[in-house]
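Chain by chain, the residues run as shown.
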Amino acid sequence: SDPILDRWGRQLPARGRFPSASDGRGFASLAETIHALGLKFGVHMMRGIPPNVIETNLIQIIRKVKEKNPLAKLLLVPMKPFPNLGRQYGSQFEKIYFSVSRKENVPLSKFILENVAGVKHLNQADGIHPTAEGHKLMAQNLLPDILKILEKKAIQKHGREFYGAKERNLRE
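Nothing here was measured: the structure is a model prediction, and the numbers come from that model.

(A) Here's a closer look at the nonpolar core. In this structure, Leu58, Met79, Phe93, Ile96, Tyr97, Val100 and Leu113 are the most contacted members of the largest nonpolar core, which totals 19 residues. If you list the elements that add at least two residues to this core, you get α2 (51-68), α3 (87-104) and α4 (132-157). A total of five residues in this core trace back to one element, the largest contributor, which is α3.

(B) Structural view of α2. Its 18 residues give α2 an end-to-end C-alpha distance of 26 Å, which sits within 8% of 26 Å, the value for a rise of 1.5 Å per residue. If you check which residues of α2 are buried, you get Pro51, Ile54, Glu55, Leu58, Ile59, Ile61, Ile62 and Val65. Down the axis, α2 shows its buried residues gathered within 155° of arc, on one side only. The exposed residues of α2 that point more than 90 degrees off its buried face are Asn52, Glu67 and Lys68.

(C) Expanded view of the packing of aromatic side chains. Taken as a whole, this structure holds two aromatic pairs when the rule is applied. Taking the centre distance of 5.9 Å and the plane angle of 65° together, the rings of phenylalanine 93 and tyrosine 97 count as edge-to-face. In this pair, phenylalanine 93 and tyrosine 97 both sit in helix α3, four residues apart, roughly one turn of the helix. This pair shows no difference in class: phenylalanine 93 is buried, exactly as tyrosine 97 is. Through a chain of ring-to-ring contacts, the aromatic side chains of Tyr89, Phe93 and Tyr97 assemble into a single cluster. Of note, lysine 80 hangs over the ring of phenylalanine 111, and the distance from its end group to the ring centre comes to 5.0 Å.

(D) Seen up close, the layout of surface pockets. Looking at the second largest pocket, its volume works out to about 300 Å³. Along the wall of the second largest pocket there are 14 residues; nearest its centre are Lys73, Leu74, Asn105, Pro107 and Ile149. For the lining of the second largest pocket, the leading source of residues is α4, giving four residues. Partitioned by chemical class, the residues of the lining of the second largest pocket number eight nonpolar, one polar and five charged.

(E) Summary view of α3. Its 18 residues give α3 an end-to-end C-alpha distance of 27 Å, which sits within 8% of 26 Å, the value for a rise of 1.5 Å per residue. The complete set of buried residues in α3 reads Tyr89, Gly90, Phe93, Ile96, Tyr97, Ser99, Val100, Ser101 and Glu104. Contact partners of the buried residues in α3: α2. Backbone geometry just downstream of α3 places asparagine 105 in the positive-phi region, at approximately 55°.

(F) Structural view of unusual backbone geometry. Its identity is not glycine, yet asparagine 105 carries a phi of approximately 55°, on the positive side. Locating asparagine 105 in the fold gives a position in the loop between α3 and α4. Positive phi outside glycine occurs at asparagine 115, with the angle close to 65°. Residue placement: asparagine 115 occurs in the loop between α3 and α4. Residue asparagine 115 is classed as exposed on the basis of its relative accessible area, which comes to 57%.

The rules we used
Residues numbered from 1 in each chain as written. Predicted model: local features only at pLDDT ≥ 70, side-chain atom pairs only at ≥ 80, totals over all residues. Heavy atoms only, no water. Core = buried A, V, L, I, M, F, W, Y, C linked by side-chain atoms within 4.5 Å. Buried < 20%, exposed > 50% of the residue type's maximum accessible area, 1.4 Å probe, protein only. Helix = DSSP H or I, 4+ residues; strand = E, 2+ residues; numbered from the N terminus. Expected span 1.5 Å × (residues − 1). Arc of directions from axis to C-beta. Phe/Tyr/Trp six-rings, centres within 6.5 Å; stacked < 30°, edge-to-face > 60°. Lys NZ or Arg CZ within 6 Å of the ring centre and 35° of its normal. 1 Å grid on protein atoms, 1.4 Å probe; cavity = no way out; pocket = protein on both sides within 12 Å on 5 of 7 lines; lining within 4 Å. Points joined across faces, edges and corners; volume = space filled by probe spheres on them. Nonpolar A, V, L, I, M, F, W, Y, C, P; charged D, E, K, R; others polar. Contact = heavy atoms within 4.5 Å.

Here it is, written out as structure tokens:
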């Protein structure tokens, strides 16, 4: 089926696959939850912000989520800086996620846009936002790390058999 776009032409998440999008507002519910914690953070806000400030913001987000929901399973998904911000900034920026992961004991995934960023046919005309095919690769990039988190939780609660069924459903 054709993707559903918002009024700005951005693709909205499929309602059947992403329960948080069931109200037709895309990821607005998730953003509102983060903002309700008193935090304003996103890839668009990172441009040129000093890396130490970004690290502090990430740590605050993680701590507030853990405080509100101690059972939350977190995965830190690193981004890479835009090349036009310079090598020094880029080097400092890329260290943020390793540092936060270590300090807050949160697993770190691989770069979500691996094999997507910079690949023309996997991005929209703006060259920044992935196409539907690009989003599929992004999901594949994160799936192994998400499954590790689910495996730990499922094995603790239901044993290996339950996890195997869950894994098959997620891969389909």
